[in-house]
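Here is how the chains run, residue by residue.
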Amino acid sequence: MSAAMEIELNGAAVALDGDSNLLAEAALAALQANGGQLVEGSHAREADILLMSCPLRPGTAAGDPKSLYGDARKAAMTMTDRGSGRIVFLVSVVAGMPMRRHPRFSMESAFILAGMRTLAMEFGPKVLVNAVGVGAVEYETMVSGDKAMLSHTPIGRAGCIEEAVAAVLFFCDPLNTYTTGQMLSVDGGWMAGYGRNF
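Residues numbered from 1 in each chain as written. Predicted model: local features only at pLDDT ≥ 70, side-chain atom pairs only at ≥ 80, totals over all residues. Heavy atoms only, no water.

Broken down by element type, the protein carries four helices and eight strands. Relative to the globule expectation of 16 Å for 198 residues, the C-alpha radius of gyration of the protein, 16 Å, shows essentially globular dimensions. Going through the 198 residues of the protein one by one, you find that 49% of them count as buried. The long-range share in the protein, meaning contacts at least 24 apart out of those at least 6 apart in sequence, stands at 76%. With the model as given, the accessible surface of the protein reaches about 9,400 Å², and the carbon-plus-sulfur share is 54%. (Helix = DSSP H or I, 4+ residues; strand = E, 2+ residues; numbered from the N terminus. Rg over C-alpha atoms; globule rule 2.2 N^0.38 Å. Buried < 20%, exposed > 50% of the residue type's maximum accessible area, 1.4 Å probe, protein only. Contact = heavy atoms within 4.5 Å. Areas by Shrake-Rupley, 256 points an atom, 1.4 Å probe, with all protein chains shown as cover.)

Put into structure tokens, the structure is as follows:
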């Protein structure tokens, strides 16, 4: 990929909740490189931007989707009291298109996507809540998705971490003030239509 996307966060407090993985770590690093300040522990409540990192690979031990939703809702309430905020869920693209071979993972991911949209309705306009739906992403091994997805990806290759991070930066960009309740699929076209041979 060419030059990384740049935004100006002007010291916005950034926090991570949920699974730590290569994609979440890269997104945090990119937010910090663009002027975000990482807050952790008890200070995470002060976050202007909250990344909710969900399981990205089938078979990954998933946290309780209700607990993730609860954490995001608490953060949205705090952000609303302060006047603004952003929550970005990192979720598998199967949230929007289930895979026959991974029914439980598909259902848990869809639950998270529905919760994200509910939060966007409840807490807008002060809090923007969106999701990056990540397809097959590789970095030495599969970071997200399932290798079987590649046979139905029009782009014809796995994505890279930087491509998914660019979508996170889009949702966190202070100039982006009208997008909420959306999942931006970074999946090489997998959701656009495939031969459902899963």
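Once that is clear, we can look at the sheet that holds strand β1 (residues 13-18). With parallel pairing, the six strands of this open sheet are ordered in space as β2-β1-β3-β4-β5-β8. Strands with a single pairing partner mark the edges of an open sheet, and in this sheet they are β2 (37-38) and β8 (183-186). Across eight bridges, the pairing between strand β4 (residues 85-92) and strand β5 (residues 127-134) is parallel. Bridge pairing links L90 to V132 in β5. Strand contacts of helix α2 (residues 65-82): β1, β3 (49-53), β4 and β5, with the helix running at about 165° to β4, the strand carrying the most contacts. Contacts from helix α4 (residues 161-172) reach β3, β4, β5 and β8 within the one sheet, and its direction differs from that of β5 by about 170°. (Pairing = 2+ DSSP bridges. Axes fitted to C-alpha atoms, helices over the stretch in contact; angles between N-to-C directions.)

This brings us to the pattern of salt bridges. Counting across every chain of the model gives six salt bridges. With a shortest N-O distance of 2.3 Å, R73 and E122 are connected by a salt bridge. One end of the pair, R73, is in helix α2; the other, E122, is in helix α3 (residues 103-123), and 49 residues separate them in sequence. R73 sits in the partly exposed class, given a relative accessible area of 28%. Residue classification places E122 among the partly exposed residues on the basis of a relative accessible area of 36%. (Salt bridge = Lys/Arg side-chain N within 4 Å of Asp/Glu carboxyl O.)

Relative to the assigned elements, A158 resides in the loop between β7 (141-144) and α4. Between the C-alpha atoms of A158 and D187, which are 29 residues apart in sequence, the distance is 8.1 Å.

Moving on to the packing of aromatic side chains. All chains considered together, the criterion is met by one aromatic pair. Between F170 and F171 the ring centres are 5.4 Å apart and the planes differ by 50°, which places this aromatic pair in the tilted class. (Phe/Tyr/Trp six-rings, centres within 6.5 Å; stacked < 30°, edge-to-face > 60°.)

The next point concerns the side chain of T153. Positionally, T153 belongs in the loop between β7 and α4. The buried category is assigned to T153, whose relative accessible area is 7%. A polar side-chain atom of T153 sits 2.7 Å from the main-chain carbonyl oxygen of M149. (Polar contact = N/O pair within 3.5 Å; in protein donor to acceptor, adjacent residues only side chain to side chain.)

In this fold, P174 is placed in the loop between α4 and β8. P174 gets classed as partly exposed once you look at its relative accessible area, which sits at 40%. Note: C-alpha distance between P174 and N10 (164 residues apart in sequence) is 9.5 Å. Those residues in contact with P174, other than ones at most four positions away along the chain, are E8, L9 and R86.

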